[in-house]
Amino acid sequence: MAEHESLEFGKADFVLLDNVSIEEFMANLKLRFEKGRIYTYIGEVVVSVNPYRAMNIYGRDTVEQYKGRELYERPPHLFAIADAAYKAMKRRNKDTCIVISGESGAGKTEASKYIMQYIAAITNPNQRAEVERVKNMLLKSNCVLEAFGNAKTNRNDNSSRFGKYMDINFDFKGDPIGGHINNYLLEKSRVIFQQEGERSFHSFYQLLRGAPDSLLRSLHIQKDPTAYNYIKVGGQIKSCINDGADFKAVADAMKVIGFTGDEIQTVYKILATILHLGNLTFGVDGDVTLIDNTKLVSVLRDLLSTKEENVEKALLYRTVATGRDVIEKQHTEQEASYGRDALAKVIAEKLHVVCRWITVGCHVRTINVCFCINYCNEKLQQLFIQLVLKQEQEEYQREGIPWKHIDYFNNQIIVDLVEQQHKGIFSVLDEACMNVGKVTDEVFLQGLNGKLAKHAHYTSRKLSPTDKSLEFDRDFRIRHYAGDVVYSVVGFIDKNKDTLFQDFKRLLYNSSNPVLKAMWPEGKLSITEVTKRPLTAATLFKNSMISLVENLACKEPYYVRCIKPNDVKSPLLFELERCRHQVEYLGLLENVRVRRAGFAYRQTYPRFLQRYKMISEFTWPNHDLPSDKDAVKRLMQGCGFDHDVAYGKTKVFIRTPRTLFSLEEQRVEMVQRIVLFLQKVWRGTIARMRYRRMRAALVILQAYRRYKVKSYIREVNRRFKNVRSMKDYGRHVKWPTPPKVLRKFEEALRSIYNRWWAWTLIKGLSPEETLQVRAKVACLEALKGQRADLGLQRAWEGNYLKRDSPDTAASFTLVSSELQRKDKFMRVLFSCNVRKINRFHKAEDRAVLITDRHLYKMDPLKQYKPMKSIPLYNVTGVSVSPGKDQLVVFHTKDNRDLVVCLQGMVPANENRIGELVGTLLSHFKSEKRKLQVNIVSPIQCSMNGRKCTVIVEPKINQSHPDFTKSRSGYILAVPGN
């Protein structure tokens, strides 16, 4: 049984239907088609419905899913049948065959291609090239056969008008070594006649529409198909078939499968000959039959490589031997036309099998195509049922299960009706053809009525006078297994005779073209040497079918039954009655009944346990019983199904599908529980594994961290152990690279070291030196990166008026002493000569003295007379520019800012802005007051309550800094470089 699919897709095996009826069969088939499941089993038979769309179920992934699997381990598929047939051939060293049947357009050719594709994919990789070669040869041969044996019909654009038997031969290792194709029942009548809307064989249109002009001229033909009587009906049809491209493809295919250049040219000549024969007409002059268009005789002479008089003679006369005498009998106009058409049909048939590489069975002349096809179906259905029964019986015997007689429709009675010696329809037809005198179709019907009057499956109007569906002296009816079919006897006698006169055979055998000569070996004998009556079409076809059946019967068969869902090639439409008819004549329901008559399901004990052991506590997860058979018995007894089961030697047999479905339902329920349990156990296992890994990682990480930390600490200790005795107190020592975990620790350690280093340096300084260091630190914090030269490398003196103006130093000392006595300041922070702006917006020279309590403005020209003093607590901030100038703006609380530019420095280029800012910041910090320091350009200030802007502008010709008035404030012009 197939791997269980959800019931939403229907039953994957028709054997498992609840009730075996045509209604349930069709409903299940329709449901699976609509759900995209085109394959369904009947036991070991695949029912395939043409999807009329591309399906992604034939790729490499799908091949791997079916490779080496048992037939029922996967959902129904062609690959499963192909794999089963290949394994049976390889394992049991037994010939196997896959019989693909169905009507035109049901997908038989595509099915055969997919089967070959699968065989090629699973074969030994070392031999895959050979498989591809064989497959390519078979497909190319198929391309050629389709060109000469397929035609456009009203149902199918590429309908096969012949039967086909394809072999792939394997060596003892299971590797392919070759193949051949047998053909059966070519529809030769299509050469000379087609129904409205249909075409003749593709090859004629391919030649006319695809061949180069030079080839057409050599064959004396033109491109227009309507110019030729045999194919003009099809030539008027507009079709999507690309005949031009197909002509090239067929020509290439003929080269691949071994046609020589001469053979290919002969093929084209034969096609042209058939076209010209169709345009050949006859007339009568008195009692003499003449050829109307004699120019065509010379054309036929060139194409057939023979003499013109021999062509004309073969068309108009028939040579008859009476004893030792030879008589030339002239044809009537009707006989000549009949002989012409017979020649065209037989030439086309010969052409269909001209390929050397293809091994051809017998050449069949059609009697009545419908009758022959139905007889073929009966014969194959009989073989099919017999083989299925045989397989069932053999399996029952192997397993020791009692065999129960199965009632089924045995169509051997219909096969005998057709082919039985002396009584069958073929025998009656042959006897009628051998009678002396004029034998008509009506005489043949009378013979059937005489010999088959009591047959239950035969009737005619004479035997059933009240049956008005049958015409007198014309119709008879056969009750086939698929239903009643009415046949008309018109044409049976003529079509059964060998209508191709021996004169045509000798004409073609005597051709100077070696290919044509080899195609007609029967023309070798002279008229007096031909003594044996040629076999009739009925006998040839019967022998062909017997040969085919014998060939199939000696092999292990597998079946693919193809169904055409609709006539409009729609992937969505399922025509119920159309499909029902196909199901009936393919005998599918009969097959289900035979398969279901005993046990609906059987499986080996190990595989059965593997699927259902979770149902029973005695078998889950593993049993301890003596054998798998005992375990299955215990399982079935526990479920209460022991009455519906038989136990074979290696398999368990279940009678009804309901038992199997019940098992499946219990399995689904238990699988859900098992899955949840497994998920719980697995998730717990995963969590514990993850925890152990994380814990181990954490332990390792912690140990590693401790190791790295200790190593780092030891290395730092080693490098800085003797820093106290070093000249620079370890400033030159390189710090080791810390681990990531200690980076912040290293920053803190560096900070501690730097503070210790600084403290070590500072602790030896005098109070004055300490103040200077703190001022420089404050300067660095405020101005680093803002101004280029901060003066940090020199000693800061603070009180520069004594040094810069030695001539007036005594006056300044006297004034500063007086101010110290008066204002009680402790020390001088800074003093220097400056250029300032007075309240009249004029620039003038002054000096500033900054003590720890006041900022004094002095007039150096008046012996440093104090002009004005500003208490330091009134100073809120200082602004300097980012350039090299010496501009300083002191901001006050009363918005009377002091704008000055330091000048008169000795040396002249000494920069004292850094010292001024650092000293003030250090002093303010010591008094725990805040001083705002701004480094901007231009500088915003307030002069006597009025907002103004001070801009610094370098000028080339400027000798010393000086202020000038501007619209927005003041400009400090400084010497440019």
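Residues numbered from 1 in each chain as written. Predicted model: local features only at pLDDT ≥ 70, side-chain atom pairs only at ≥ 80, totals over all residues. Heavy atoms only, no water.

As annotated in an unreviewed UniProt entry, the protein carries the name Myosin ID and is attributed to Seriola lalandi dorsalis. Its UniProt record gives the protein a comment under Sequence similarities (unreviewed entry), which states: "Belongs to the TRAFAC class myosin-kinesin ATPase superfamily. Myosin family." (UniProt positions renumbered as here; feature names shortened; annotations may be inferred.)

Draft legend 1. Quick peek at the sheet that holds strand 27 (residues 939–943). Pairing is mixed in the open sheet, where 4 strands are placed in the order 27-28-30-29. Bordering the open sheet on either side are strand 27 and strand 29 (962–965), each of which pairs with just one other strand. For this sheet the average axis-to-axis angle between neighbouring strands, irrespective of direction, equals 35°. Across 7 bridges, the pairing between strand 28 (residues 946–955) and strand 30 (residues 969–975) is parallel. Residue pairing in the sheet places Pro-954 in a bridge with Val-974 of strand 30. (Pairing = 2+ DSSP bridges. Helix = DSSP H or I, 4+ residues; strand = E, 2+ residues; numbered from the N terminus. Axes fitted to C-alpha atoms, helices over the stretch in contact; angles between N-to-C directions.)

Draft legend 2. Structural view of the nonpolar core. Judged by nonpolar contacts, the single largest core of 68 residues is most densely connected at Leu-207, Tyr-268, Ile-274, Leu-277, Leu-315 and Trp-520. Here the element with the most residues in this core is helix 10 (residues 261–279); it accounts for 9 residues. Here Trp-520 is in contact with Val-346, Ile-347, Lys-350, Leu-500, Lys-505, Leu-508 and Tyr-509, once residues within four sequence places are set aside. (Core = buried A, V, L, I, M, F, W, Y, C linked by side-chain atoms within 4.5 Å. Buried < 20%, exposed > 50% of the residue type's maximum accessible area, 1.4 Å probe, protein only. Contact = heavy atoms within 4.5 Å.)

Draft legend 3. Layout of empty space enclosed by the protein. Here the structure, examined in full by the defined rule, presents 9 cavities of 30 Å³ or more. Computed from the structure, the second largest cavity encloses a volume of approximately 70 Å³. Around the second largest cavity sit Phe-148, Ser-203, Gln-206, Leu-207, Phe-247, Val-250, Ala-251, Met-254, Tyr-268 and Leu-271, which together line it. Contributions of two or more residues to the lining of the second largest cavity are made by helix 6 (202–210), helix 9 (243–256) and helix 10. At 4 residues, helix 9 tops the list of elements feeding residues into the lining of the second largest cavity. (1 Å grid on protein atoms, 1.4 Å probe; cavity = no way out; pocket = protein on both sides within 12 Å on 5 of 7 lines; lining within 4 Å. Points joined across faces, edges and corners; volume = space filled by probe spheres on them.)

Draft legend 4. The UniProt feature "binding site: ATP" (unreviewed entry) in the protein, seen in detail. Taking the numbering used here, the UniProt-annotated feature "binding site: ATP" (unreviewed entry) corresponds to Gly-102, Glu-103, Ser-104, Gly-105, Ala-106, Gly-107, Lys-108 and Thr-109. Here Gly-105 shows up in the loop between strand 3 (96–101) and helix 4 (108–122). Relative accessible area serves as the criterion here: at 17%, Gly-105 is assigned to the buried category. Those residues in contact with Gly-105 that sit more than four places away from it in its chain are Asn-50, Tyr-52, Asn-156 and Lys-564. The topology assignment puts Lys-108 in helix 4.

Draft legend 5. Looking closely at a positive patch on the surface. A cluster of basic residues, Arg-688, Arg-690, Arg-692 and Arg-693, forms a positive patch on the protein surface. Among the secondary structure elements, Arg-693 is positioned in helix 26 (residues 657–719). (Patch = residues over 30% accessible without salt bridge, like charges linked within 9 Å, V, L, I, M, F, W, Y side chains within 5 Å. Areas by Shrake-Rupley, 256 points an atom, 1.4 Å probe, with all protein chains shown as cover. Salt bridge = Lys/Arg side-chain N within 4 Å of Asp/Glu carboxyl O. Lys, Arg positive; Asp, Glu negative; His and termini not counted. Charge placed at Lys NZ, Arg CZ, Asp CG, Glu CD.)

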